[in-house]
Structure formats: C-alpha cells, structure tokens
2 protein chains.
Amino acid sequence: MTSPLSDRKKQILRAVVINYIKTAEPVGSRTVARSYRMGLSSATIRNEMADLEDLDYLDQPHTSAGRIPSQLGYRYYVDNLMDIDNLSADDEMAISSSLSSEKMREIEQIIINSARVLSSATNQTSLIMGPQFRKSAFRQLRILPLDDKRSLVVLITDTGFIKNKVIDMQQQLSQAELHQVVSYLNQKLYGLTIDQVTTSLINELKRDLFKRLEILEQAFILLEESLKEEKQIRVFLGGTTNILNQPEFKDVDKIRRMLNLFEQEPLLFKILEDTSSEDNIVVRIGAENEFEAIRECTLITGTYKIHDKTLGTVGVLGPIRMDYSRVICVLRRLVDYLNQRLSS
Amino acid sequence: MTSPLSDRKKQILRAVVINYIKTAEPVGSRTVARSYRMGLSSATIRNEMADLEDLDYLDQPHTSAGRIPSQLGYRYYVDNLMDIDNLSADDEMAISSSLSSEKMREIEQIIINSARVLSSATNQTSLIMGPQFRKSAFRQLRILPLDDKRSLVVLITDTGFIKNKVIDMQQQLSQAELHQVVSYLNQKLYGLTIDQVTTSLINELKRDLFKRLEILEQAFILLEESLKEEKQIRVFLGGTTNILNQPEFKDVDKIRRMLNLFEQEPLLFKILEDTSSEDNIVVRIGAENEFEAIRECTLITGTYKIHDKTLGTVGVLGPIRMDYSRVICVLRRLVDYLNQRLSS
DNA sequence: TTTAGCACTCTAAAGCTTAGAGTGCTAAAG
DNA sequence: CTTTAGCACTCTAAGCTTTAGAGTGCTAAA
C-alpha cells in the first residue's frame, strides 16, 4: 500500500517508540537528535517526524508537544523494528528461581505461581487460563463407597485432572454390580476428550444402563455438571495492582473500569480464548482487540500445551505503551516453562 | 469516666453521624437544626456541637467547616445510638434470591457467592474465610490404585471436605496389604481434628507401619502437606472495586495500598482470624483494628459454624464512614444463611 | 438558657499569569 | 535538492490570585 519507509524514518520511528515506552512523555525532535546520534539536526528530524505523522505512525497530543507513537506506529515497531534480546542474566535468574519454588505440585499452584512471576517480571497484569479440562481425554471413572448412603465419584483425565464429587445413593449397590457398571463406562468413554462426552452420549449410555440399574443417576450428574461447570474455566490473575503504577491509569475512573473487568472471569476467559487459536505469541494492540473493554490496552498472549495439546492461554495485559520486547521475552520463557512442567 | 451525655447531645451526635454517613460532607449546625426539627436554633446546636467536640465525639476538619464524627463518636453511636432495623422487604428479597441460586453445591461455590451477595448488598468489600479444614475431624482415608505405579489418596472429613492427591508408588502393593494399612490408619485417626494430627503423631504411625511396609511414605506426604498447605486458608473477596466508589478513596495512593492488601491472602487471613474468637458480630472502628494496614477502615465481622463448630469468619471492610446499621443487618442475615446452609 | 446578628475564617473553584518545551516556517548554507 | 539555524508562535502545567459560600464563634439582647 504505502511506500516503504526510508531507513532514516525507521530509525526515527524506532527512537520515538523506545523513548516513549521508557519515559511516557511525548518525544521531541531534540531528544531524538541528541540521544541517538545520527548526525542530523533537530530541524531535519522535525521534518521527518512531520512526515511520519502524515503517514499515521506518530501522533501529536497538541500543537507544541513532542510526538507519541500511534497504534499503527506501535504495530510497525513490533513487526519491523523491535529487536528481541534474550533475557538478561539477572532476569533469567530471578524468573527461574521464582518458578522453581518447592511446593508446586498441584496444577493450580503452578498456574497461580506463574501468574505471579509473569506479572512481577513485566510489571503488568498477567492473566492465565487454567488448563482446559474439556480438552483433556477421559481416562478413568471410579466409584468409591463411603458409607451406606454416599459414594465418592472420581473422574481422572490424561492430563492429570482429578474431579470428584460425593453423591447420594438411594439404593445400595453390591460391589459386583458397581464394578460392572463402572467398567462398562470406562470402556465406553476411554480416550474421548471431555468435549466429546456430549449430553446426548451421556443419555445414550444412561439408557443402556438403566435397563439394568437405576441407580447411577448421580454419577451421571457428576459428568454432566463437569461439563457445565467447566464451560467457564478459571482465569488466574497476577499483579492487578500493577496497572496503578502506569501513568496512563492515574484516572480513578479508568482504574475502576479495569478492576471491574478483572472481576468478570467469564469475560476474561473470552478475551483469552479469543486468541488461543493461533500458534505462537500474539500481540493485540489497542483497537486490534476484539473486546471493547480492552481497546485501550495491549494484550500479548501465548499458549501452553500438555503433550502437544493446546490447553490454555497465558497473557499480559497493560497499557498500549508497554515494553513489548521485554514482555514477549518473558512470556516466551514462561510458556516454555509451562509446556515442560505440565507435561511431566 | 466522663459524665453521661444529655439527651439533647445524644440526639445531635446521632444526627451528625447519620447525616455524615449519608452525605460524606461535614455536617453544619443549620443542617442539624433544620432536618431534625428539635425546636432549637442553629446557634444552640452550635454550642452543643462545640461541647461534643471538646468531649472528642466530633472533629472539625478546619475552622469554618461543619463537624464530622470522630472515631470515638462512631463508637458511641454504634454502642448507644444506632437502631438496627430489619432489612427492608426489597433487600430481603434481593438477598435471598441471590443466595438461592441453583448451582451452589460445592462449599467453595457457596462461599464465593456469599461474598458477592455481601459486597453488593453493603456496597463495600467483603471478605470470607473459607471453612477451616484444620478444625474438621478426620473421617476416612482411602487409597485407590489407578494403575501400576500410581494411586489416588483421598482424605475425607466430617464437614464434607475431600482432599485428594495422586501418589507414586515405588513398589506394588497387594490389595490385601493396602487394605490392612488403610484400615489401621482409619482406626487410629478417626475423629481427631486435622489440627490434632500433628507431625509427631504421623511419625509415630509411620514407625509403627514401617516395620511392615515401606511403601506408604507418599500417603503420609499427603497428610503432611495437607497440614502445611492449609495453614493458610483461602480468603474470598467480593466487591473489591467497591472501595473506589467511596469518596474517601479517591486518592490513587490509598487505592493502591488497599488493593495491595487485598492481594495478600495470608494477611487477610490474619486480620479475619484475629476477630474470630468472639461470639457474635464484632465492629472494629479505625484504630481499634490491630493491623496497621486497616487502621483507616472499619471492619465488621461475624462467624459461621458447621454443626456448632466455628469454622470461619465473614467480614465487611470499608471506610470508617459506613452504614453500620445496614451492614450489621446484612451480615447477620448472611451468617444465619451460612450456618443453616453448611450444616446440611 | 436561648437566640439573632455579625464579623471572621477557611476552602474550593475559577480565572489569570508565566515559564518552558516544542513546533513550523523561512531563508540561508551545503 | 537537502539540511540547518533562527525565530515567532502555540500550548500546557504549575503557581498565584480572587471570589463566593458555607459555617463558625462571639456578643448582646430576649
């Protein structure tokens, strides 16, 4: 479409973006001329900057202020100008030491801790979708009698989820009968993902079994509820207060809107899910976001897998002015970690 | 100590408190004289108010402003002047309908929903401590082999907690042996509260059993971890953004401090636990709070029980200027609900 | 003891001034 | 044709001043 930018323009755009990310102040021509010694006077830079403004890569808050990157400018920077260094040794140390803390056995613990690490390493708010139970494959169903009336139904998936539920049995069931039913179910369901266990399949099985036993209604309820409940998977947040450190959120009203958003788990889930189809790191800048609520933010997400199955999304949410290069680094690092950690 | 207040002073103090709670503006003598027709001129009220200020029941933000209640004033109001009406029919309706939502099977669901109801009914932030696992009594331990290497250990308490954990078995164990060990443990532990299952007791049992089987190490790890992990019980929050609606929190720095507090679960737990010894509703106004972090707030708490055992604390946290009467009402209602709901 | 009247005080909001940063334009230099 | 120096101009944020309004405390009279 538009002609490609000259190298000089690229350099200048890059300088403006980097500077603005660091200082949050509009960047003037003098600043660019001085700090990135490129042998040009501020007047020349000024002309170039005026061009960049015409091309919509830069904005001017008011006539006599410096320039700030437009959303298009950020996009251009992310796509063409940014270099992604590796993490500094210090960062790497800090991150891996926080990640390797002892008591991280439970999946939930791992996720929560990851959220914390991610937010503190980026100084932004982090969102992590818990592993999607529904994409896991059915492994085993067990029924464990507790006393006369009650039993514990346990559902286990290939990705290590364990769901359980105490159910009431109206009639007692002999060990043998129970065993029969349970192994029938296991046989029928083995290997299916939870997604595939539809209500209609359940009904079919139910019909099959009802001929012989009316009693397992409750066990089916567990299955059905698992399906319903898990439609909204938990989203874990880290560093929600970090947005308060960003100068773009010094307005109480904006803060309220963001915090309100953070309280709406289903919406957060949708926001994360929305990006989860893609393969690698995805950067959504401002209006590129589908959801109105985060149109003033940038969302950077990655997906993590267990045994090569995409199970969830990890993201960083912050103002459009954020340190893209750093966030992407950290996010990559974390996704690697999760992939490795959850597969064991 | 000080001589009791005259009826007239009480009336005036009450009027100031009520008015200030409603408007968040300092209350002037004219306002009191007019809105609470007590046949006195503003000048008279003015004199009385000056007296109340001398007695430390009222404060004056600056020379020519109205008066606001001091912390002592609020305390006097709560102890002597406040009348606690019942909930209005509307409120009652709203609360019971939110509470009776369908899918509240899990304890956690009940707690989370309660937090939501409490915060929206009071327009404050609500805190609810999850039921204290440690005060529950041991009921049953089960071990459920999954495959060659792994088993599921399930721990059940009298208050309906179910903890489980997949463990690795280095050696295989015959059904009979397993059964033997498990029933030994159940016999030894039945009826003890989790608190009573100390590490030393576990070690003792371990010694007993090690003579026969080296294998259950992992099962003990579950027990031990349960003890450790649960030291910090979850605290559920509702309406954290409500503080943003309070005019006393329009300062970003204060907001940051509060939100930071909300992210520190262990501290929240301590704050709630601190009040849990007492019987009924407890009101802590400002500096009456033990914890520095909430010295600018009022915390109103109640405790809920399962089968007459105190299991957790429910609280409302907000600015010192809050609608005490209303909050106390709603809190009472909610504690009743929880007591009833969790005992079934 | 209560009240009217009045001078006084204090704040918050609105208006005004100013310093500083940065621009855009023009004309000269390379 | 491109780059640069110079300069007038613009805009904001911060500080200062002014003012209206609310409320007080005191005094003297009822």
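The rules behind each value
- Residues numbered from 1 in each chain as written.
- Chains lettered and ligands numbered in written order.
- Predicted model: local features only at pLDDT ≥ 70, side-chain atom pairs only at ≥ 80, totals over all residues.
- Heavy atoms only, no water.
- Least-squares fit on C-alpha atoms with pLDDT ≥ 70 in both.
- Contact = heavy atoms within 4.5 Å.
- Axes fitted to C-alpha atoms, helices over the stretch in contact; angles between N-to-C directions.
- Helix = DSSP H or I, 4+ residues; strand = E, 2+ residues; numbered from the N terminus.
- Parallel < 35°, antiparallel > 145°, perpendicular 65-115°, else oblique.
- Left-handed = near helix turned anticlockwise from the far one by under 90°.
- Nonpolar A, V, L, I, M, F, W, Y, C, P; charged D, E, K, R; others polar.
- Near = heavy atom within 4 Å.
- Polar contact = N/O pair within 3.5 Å; in protein donor to acceptor, adjacent residues only side chain to side chain.
- Pairing = 2+ DSSP bridges.
- Buried area = accessible area lost by both parts, 1.4 Å probe.
- Salt bridge = Lys/Arg side-chain N within 4 Å of Asp/Glu carboxyl O.

*Asks:* I'm lost on the relation of the copies chain A and chain B in this one. Help?
*Replies:* Both copies of the chain are placed relative to one another by a rotation about an axis and a shift along it. Here chain A sits on chain B after a turn of 180 degrees about the axis and a move of 0.1 Å along it, with an RMSD of 0.2 Å. Look at the turn and shift together and you get a two-fold axis relating the two. When C-alpha distances to the rotation axis are compared across chain A, the minimum falls at A:Val252, with a value of 3.4 Å. Interface overlap between copies: 100% of the residues of chain A at the interface are likewise at the interface in chain B, consistent with a symmetric, same-surface contact.

*Asks:* Explain the packing of helix 6 (residues 107-122) of chain B against helix 12 (residues 324-342) of chain B to me, please; I cannot follow it from the model alone.
*Replies:* All names here are of chain B. Their axes nearest at 10 Å, the elements helix 6 and helix 12 cross at an angle of 165 degrees. Put simply, helix 6 runs roughly antiparallel to helix 12. Remark: the crossing between helix 6 and helix 12 carries right-handed chirality. Across the interface between the two elements, Ile 110, Ser 114, Leu 118, Ala 121 and Thr 122 from helix 6 touch Arg 326, Val 327, Val 330, Leu 331, Leu 334, Tyr 337, Leu 338, Arg 341 and Leu 342 from helix 12. The residue inventory of the contact of helix 6 with helix 12, partitioned by class, reads 10 nonpolar, 2 polar and 2 charged.

*Asks:* Mind showing me how you'd approach the protein's contact with DNA strand D here?
*Replies:* Of all residues adjacent to DNA strand D, which total 21 residues, the nearest are A:Arg8, A:Thr44, A:Thr63, A:Ser64 and B:Ser29. Atoms of DNA strand D within 4 Å of the protein belong to the sugar or the phosphate in 76% of instances, the rest to bases. At 2.8 Å, a side-chain N or O of A:Ser64 approaches a base oxygen of DNA strand D. Interatomic distance of 3.5 Å between a backbone N/O atom of B:Ser64 and a sugar or linking oxygen of DNA strand D. For the surface near DNA strand D, the secondary-structure elements that each account for two or more residues are helix 3 (42-54) of chain A together with helix 3 (42-54) of chain B. Here the surface near DNA strand D takes 4 residues from helix 3 of chain A, the largest share from any one element. Across the surface near DNA strand D, the residue classes tally to 4 nonpolar, 13 polar and 4 charged.

*Asks:* Is there a simple way to explain the sheet that holds strand 9 (residues 297-306) of chain A in this structure?
*Replies:* Two strands in a sheet stick together by hydrogen bonds in their backbones, pointing the same way (parallel) or opposite ways (antiparallel). Residues and elements named next belong to chain A. Across the sheet, 5 strands lie side by side as 7-3-10-9-8; this open sheet has antiparallel pairing. In this open sheet, the two edge strands, each paired with only one partner strand, are strand 7 (235-238) and strand 8 (282-285). Pairs of neighbouring strands in the sheet enclose a mean axial angle of 20 degrees, with direction left out of account. For strand 3 (residues 125-129) and strand 10 (residues 309-319), the ladder comprises 4 bridges, and the chain directions are antiparallel. Within strand 10, the position partnered with Thr 125 by the bridge is Leu 317. Sheet strands in contact with helix 6 (residues 107-122) are strand 3, strand 7, strand 9 and strand 10, and its direction is about 35 degrees off that of strand 7.

*Asks:* Is there a simple way to think about the sheet that holds strand 7 (residues 235-238) of chain B in this case?
*Replies:* All names here are of chain B. The strand order across the open sheet formed by 5 strands is 7-3-10-9-8, and the pairing between neighbours is antiparallel. Each end of this open sheet is capped by a strand with a single partner; those strands are strand 7 and strand 8 (282-285). Neighbour-to-neighbour, the strand axes of this sheet turn through a mean angle of 20 degrees, independent of strand direction. As defined by bridge partners, strand 3 (residues 125-129) adjoins strand 7 across 4 bridges and the pair is classed as antiparallel. Bridge assignment links Leu 127 to a residue of strand 7, and that residue is Leu 237.

*Asks:* Any chance you could explain the packing of helix 1 (residues 7-23) of chain A against helix 4 (residues 71-81) of chain A here in plain terms?
*Replies:* Angle between the axes and distance between the axes: these two values describe a pair of packed helices. Residue and element names in this part refer to chain A. Orientation of helix 1 relative to helix 4, taken along the N-to-C sense of each, is 110 degrees, at an axis distance of 10 Å. Taken together, helix 1 and helix 4 sit at an angle that is classed as roughly perpendicular. In the packing of helix 1 onto helix 4, the handedness of the crossing is left-handed. Seen from helix 1, the contacting residues are Lys 10, Leu 13, Arg 14, Val 17, Ile 18, Tyr 20 and Ile 21; seen from helix 4, they are Gly 73, Tyr 74, Tyr 76, Tyr 77 and Leu 81. Within the contact of helix 1 with helix 4, the residues separate by chemical class into 9 nonpolar, 1 polar and 2 charged.

*Asks:* Where do I start with the interface of chain A and chain B in this structure?
*Replies:* How large an interface is tends to be reported as the accessible area lost when its parts come together. The interface is formed by 28 residues belonging to chain A together with 28 residues belonging to chain B. Summed over both sides, the interface of chain A with chain B buries roughly 2800 Å², with 53% coming from carbon and sulfur. It is A:Leu144, A:Thr241 and A:Leu244 in chain A that bury the most area against chain B; as a group they hold 16% of the surface buried on that side. On inspection of chain A and its partner chain B, the count reaches 0 salt bridges. Sorting the residues of the side of chain A that touches chain B by element identifies strand 4 (138-145), strand 5 (150-157), strand 6 (162-168) and helix 10 (252-263) of chain A as the ones contributing at least two each. Of all the elements, helix 10 of chain A adds the most residues to the side of chain A that touches chain B, at 6 residues. Looking at side-chain class alone, the side of chain A that touches chain B contains 12 nonpolar, 7 polar and 9 charged residues.

Read these as geometric descriptors, not functional statements.
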